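Descriptive analysis of the structure
If you want the building blocks of each chain, they are given just below.
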Amino acid sequence: MKNTFFLIALLSSSSALAAIQTVTLDVPSMNCVTCPITVKKSLTNVDGVKKADVTYATKLAVVTYDDEKTNIEALVSATTNAGYPSILKD
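Residues numbered from 1 in each chain as written. Predicted model: local features only at pLDDT ≥ 70, side-chain atom pairs only at ≥ 80, totals over all residues. Heavy atoms only, no water.

With that settled, consider the confidence of the model for the protein. Here the protein averages 88 in pLDDT, and 81% of its residues register 70 or above. Ignoring residues within four places in sequence, the model shows residues 4-10, a span with pLDDT below 50, making 1 contact including any to other chains. (pLDDT = per-residue confidence, 0-100. Contact = heavy atoms within 4.5 Å.)

Further remarks concern the nonpolar core. Within soluble globular proteins, side chains that are nonpolar generally end up buried alongside one another. Among the nonpolar cores identified, the biggest contains 17 residues, and Leu43, Val63 and Leu75 are the most heavily contacted of them. Looking at this core, the elements with two or more residues in it are strand E1 (20-26), helix H2 (35-44), strand E2 (49-55), strand E3 (60-66) and helix H3 (72-81). When residues no more than four places from it in sequence are discounted, the contact partners of Leu43 are Leu25, Val49, Ala52, Val54, Ala61, Val63, Leu75 and Thr79. (Core = buried A, V, L, I, M, F, W, Y, C linked by side-chain atoms within 4.5 Å. Buried < 20%, exposed > 50% of the residue type's maximum accessible area, 1.4 Å probe, protein only. Helix = DSSP H or I, 4+ residues; strand = E, 2+ residues; numbered from the N terminus.)

Before going further, it helps to spend a moment on unusual backbone geometry. Even without being glycine, Lys59 reaches a positive phi, approximately 60°. Along the chain, Lys59 falls in the loop between E2 and E3.

All right, on to the sheet that holds E1 then. Strand order across the open sheet formed by 4 strands is E2-E3-E1-E4, with antiparallel pairing between neighbours. Single-partner strands in this sheet number two, and they are E2 and strand E4 (87-88). Sheet topology places E2 next to E3; 6 bridges connect them, and they run antiparallel. In the sheet register, Asp53 faces E3, and the bridge partner there is Val62. The sheet contacts of H2 involve E1, E2 and E3, and relative to E2 the element is tilted by about 165°. (Pairing = 2+ DSSP bridges. Axes fitted to C-alpha atoms, helices over the stretch in contact; angles between N-to-C directions.)

Before going further, it helps to examine the environment of Lys40. With respect to the element layout, Lys40 can be found in helix H2. Taking the C-alpha atoms as reference points, Lys40 and Lys51, 11 residues apart in sequence, are found 9.0 Å from one another. When neighbours within four sequence positions are excluded, Lys40 is seen to be in contact with Ala52 and Val54.

Let us now look at the side chain of Thr79. Structurally, the position occupied by Thr79 is in helix H3. Exposure remark for Thr79: the relative accessible area of 0% places this residue in the buried category. In this structure the side chain of Thr79 is engaged in a polar contact, spanning 2.6 Å, whose partner is the side chain of Ser86. Discounting chain neighbours no more than four positions away, the residues touching Thr79 are Val39, Ser42, Leu43, Tyr84, Pro85 and Ser86. (Polar contact = N/O pair within 3.5 Å; in protein donor to acceptor, adjacent residues only side chain to side chain.)

Written out as structure tokens, the structure reads:
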């Protein structure tokens, strides 16, 4: 009975429903090989971002984040505020 109660409590907590998400952002305004450094820093400074891989050649940022702590709008806002507007890549 204790195990059943624990399982129900665990499944009903909001943190149990949190998920790690990965999205790709298109960052077309990156125009030099050092731009990804700024973009990556802006993304990793967002609370909840676990990893950001930014590539100049493809002008893409692949971001892994905790959806309980942040969202796509915050990620786009972070790059935009750093001077590199981005959009969610389909």
